[in-house]
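# An overview of the molecular structure
Below, each chain spelled out in residue letters.
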Amino acid sequence: MESIFPEWIRACSPSGVSPVPFKPPSQLPIPGWFSEKEWKFLAKPELVNALYRCQRCGICRTAFLKEKGFERVCPIRENYSYLEPYSPRGKISVIRGVVEGRFDLEQYKDKILDIVTKCTLCGNCSDHCIANVPFYENFMVERNVNHTALFEAFRAELVSRGVRFEPYEEIEGKFKRYRNPYGENNKKRGKKRIEGKFLYFQGCTSSFRTTEIGKSARELLDIIGIEYSMLGTEEMCCGSILIRMGFVEEAIKVMKANAALLIEYGFKTIITPCAGCYKTLSLDFPRFTGIRLPVIHISQLVDEAIKKGRIKIDRLNLSTTYHDPCHLGRHGNVYEEPRSVLKAISNYVELLPSKNNSICCGAGGGVKAAYPELAEKIARSKVNKVLDMGVDVLVSACPFCKLNLKLASKGKVEVKDITEIVLNGLA
Ligand code: SF4
Ligand code: SF4
């Protein structure tokens, strides 16, 4: 492992000289203290809040409450010899160092890039931060600190300052040329059909990589009896990967173009089998463009269809467990519906830590694109846990998670999407 030079250790190590001495809340900088002109993406009250309310308590670094399945928080730090700059609080220190002019961006750009791009943007740090855990409420004056929004905004600052990262550039280039991050021909998305007020938004990964998920999702819609439309070659990337890599201006353009198209057709509801599209359409569209769209994930639709008897299922003689995709669970707050479906069709066993404590599969936030081995290593530790549990199938509800988990499983355990396992269990 490449060594971290002394300045970084001094700046970021809990045992070194802390660059962020504890200050009582009354002495902390107030939102607006640094200029919006200079820090276009970071100088927002909620992000300044995330940056300056960090008390360096270290809870986001540490394993705790093992009996509840909390073992660790940050999948990246665990894989970087627990080095401080790769921890959530270390990343916050690094960003503060840059914003405050203590770390020169030009001089240290390679190291800064290495640190901030090694983050899956999973949000587990936010869910463990003392700012967000009710147990600690007496210690904190500010609530709802969102670290992923902070890390994304910092990546956007780097892009706007011309600090470019090659793997991201490559994806952006493909996106500009093909309107999808895989550089694929959009004809592969399938035929356009406008047949109703429900839009099936397949997403890039299920159109070009996990096509089996796209196929089973469409079959399920037919079986449930939903008349749905598809945009075919007109469908474009939702913009998720652009936001995560810091190409926010590009992302806003594509989100607006997407929204204009969806509004023009007058769709009543958008159904997607992708956790990333779900998060982007339901949360990032309003955050960046002010446009609200009615979006549901296919697991929610299937759960309702089972409960209302619109599809009949036979219980499978299989044990299953569920990996919470970060974009659907922690970000989108969809935890119960996929579990309810799996409990209805199989012998379901909970994989701990789960729900908002679940550990990311390792693929998100551009990590799979930039550091495929790291992404696979993170997924492998999850797969190993599933192997220890001895269940038959590891199920997820995100094509990107499935890709990474399947690769890491090396065939030792079956990895399926929720749409596929439901199709298997139809009566
Ligand atoms: S978002 Fe996830 S990967 Fe990134 S610092 Fe937080 S816990 Fe680590
Ligand atoms: S838990 Fe929150 S306050 Fe504590 S070190 Fe981590 S980010 Fe800072």
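Residues numbered from 1 in each chain as written. Chains lettered and ligands numbered in written order. Predicted model: local features only at pLDDT ≥ 70, side-chain atom pairs only at ≥ 80, totals over all residues.

## Concerning the overall build of the protein
Counting its secondary structure elements, the protein contains 19 helices and eight strands. In the protein, buried positions account for 48% of the 427 residues. Counting contacts in the protein only where the partners sit at least 6 residues apart, residues at least 24 apart contribute 75% of the total. (Helix = DSSP H or I, 4+ residues; strand = E, 2+ residues; numbered from the N terminus. Buried ≥ 20, exposed ≤ 12 C-beta atoms within 10 Å, placed from the backbone. Contact = placed C-beta atoms within 7 Å.)

## Here's the deal with the confidence of the model for the protein
On average, residues of the protein carry a pLDDT of 88, and 87% of them reach 70 or more. Throughout residues 1-26 the model reports pLDDT below 50, and contacts reaching past four residues in sequence, or to other chains, amount to 33 contacts. (pLDDT = per-residue confidence, 0-100.)

## Considering the site of ligand 1
Around ligand 1, 15 residues are found, and the nearest of them are Cys74, Pro88, Cys119, Cys122 and Cys125. At the level of secondary structure, the elements contributing two or more residues to the shell around ligand 1 comprise helix H3 (75-79), helix H4 (88-99), helix H6 (124-128) and helix H7 (147-160). (Near = placed C-beta within 6 Å.)

## Concerning the site of ligand 2
Around ligand 2 sit 13 residues, and of these Cys54, Cys57, Cys60, Arg89 and Cys129 come closest. Tallied by class, residues from the shell around ligand 2 come to nine nonpolar, two polar and two charged. (Nonpolar A, V, L, I, M, F, W, Y, C, P; charged D, E, K, R; others polar.)

## Some details on the sheet that holds strand E8 (residues 414-417)
With parallel pairing, four strands are arranged side by side in an open sheet as E6-E5-E7-E8. Two strands close off the open sheet at either side, each with one partner strand: strand E6 (347-348) and E8. As paired strands, strand E5 (residues 319-322) and E6 are joined by two bridges and run parallel to one another. Among the inter-strand pairings, Thr320 is bridged to a residue of E6, identified as Tyr348. Strands in contact with helix H15 (residues 336-345) are E5, E6 and strand E7 (393-396); relative to E5, the strand with the most contacts, it is inclined by about 175 degrees. (Pairing = 2+ DSSP bridges. Axes fitted to C-alpha atoms, helices over the stretch in contact; angles between N-to-C directions.)

## A look at the sheet that holds strand E4 (residues 295-297)
Spatially, E2-E1-E3-E4 is the arrangement adopted by the four strands of the open sheet, whose pairing is parallel. Here the strands that pair on one side only, and so sit at the sheet edges, are strand E2 (228-229) and E4. Both strand E1 (residues 198-200) and E2 contribute to a ladder of two bridges, which runs parallel. Looking across to E2, one finds that Phe198 is bridged to Tyr228.

## With respect to helix H12 (residues 248-265)
Across its 18 residues, H12 extends 26 Å between first and last C-alpha, which sits within 8% of the 26 Å expected from 1.5 Å per residue. Where H12 is buried, its residues meet H7, E1, helix H11 (240-245), strand E3 (269-272) and helix H13 (275-289). Backbone geometry just downstream of H12 places Gly266 in the positive-phi region, at approximately 70 degrees. (Expected span 1.5 Å × (residues − 1).)

## Side note on helix H10 (residues 211-224)
Here H10 is 14 residues long and its end C-alpha atoms lie 20 Å apart, about the 20 Å a rise of 1.5 Å per residue gives. Restricting attention to buried positions, one finds in H10 the residues Ile213, Gly214, Ser216, Ala217, Leu220 and Leu221. A positive backbone phi angle near 90 degrees is found at Gly225, which sits one or two residues after H10.

## Side note on the environment of Tyr348
One can find Tyr348 in strand E6. Residue Tyr348 is classed as partly exposed on the basis of its 19 C-beta neighbours within 10 Å. On a C-alpha basis, the gap between Tyr348 and Ser319 in space is 5.7 Å, while along the polypeptide they are 29 residues apart. When neighbours within four sequence positions are excluded, Tyr348 is seen to be in contact with Thr320, Arg339, Leu342 and Lys343.

## Regarding the packing of H10 against helix H14 (residues 298-307)
Viewed as axis vectors pointing N to C, H10 and H14 meet at an angle of 30 degrees, and their least axial separation amounts to 11 Å. If you check the angle between H10 and H14, you find them roughly parallel. The way H10 lies across H14 gives a crossing that is left-handed. Contacts between H10 and H14 involve Ala217, Leu220 and Ile224 from the former and Ile298, Leu301, Val302 and Ala305 from the latter. Class assignment of the residues belonging to the contact of H10 with H14 gives a composition of seven nonpolar, no polar and no charged. (Parallel < 35°, antiparallel > 145°, perpendicular 65-115°, else oblique. Left-handed = near helix turned anticlockwise from the far one by under 90°.)

## Structural notes on the packing of H4 against helix H5 (residues 105-117)
One can describe the packing of H4 onto H5 by two numbers: an axis separation of 11 Å at closest approach and a directional angle of 160 degrees. The orientation of H4 relative to H5 falls into the category roughly antiparallel. Once H4 is placed against H5, the crossing between them reads as left-handed. On the side of H4, the interface is formed by Lys91, Val94 and Val98, while H5 contributes Leu105, Ile112, Ile115 and Val116. Of the residues assigned to the contact of H4 with H5, the class counts are six nonpolar, no polar and one charged.

## Topic: unusual backbone geometry
Cis geometry is found at the peptide bond from Leu352 to Pro353, where omega equals -5 degrees. Counting through the fold element by element, Pro353 comes out in the loop between E6 and helix H16 (367-370). For Asn333, which is not a glycine, the phi torsion comes out positive at approximately 60 degrees. Checked against the element boundaries, Asn333 lands in the loop between E5 and H15. On the neighbour-count criterion, Asn333 (12 C-beta atoms within 10 Å) is exposed.

## So, the pairing of E3
Judged from the three bridges that link them, E1 and E3 form a sheet pairing that is parallel. Looking at E3, one finds that Leu199 is bridged to Ile270. In terms of handedness, the path from E3 via H13 over to E4 forms a crossover that is right-handed. (Right-handed = clockwise from strand over helix to strand, strands pointing away.)

## Some points on the environment of Ala427
Its place among the elements puts Ala427 in the segment after helix H19 (418-424). C-alpha of Ala427 to C-alpha of Leu316: the two residues are 111 residues apart in sequence and 10.0 Å apart in space.

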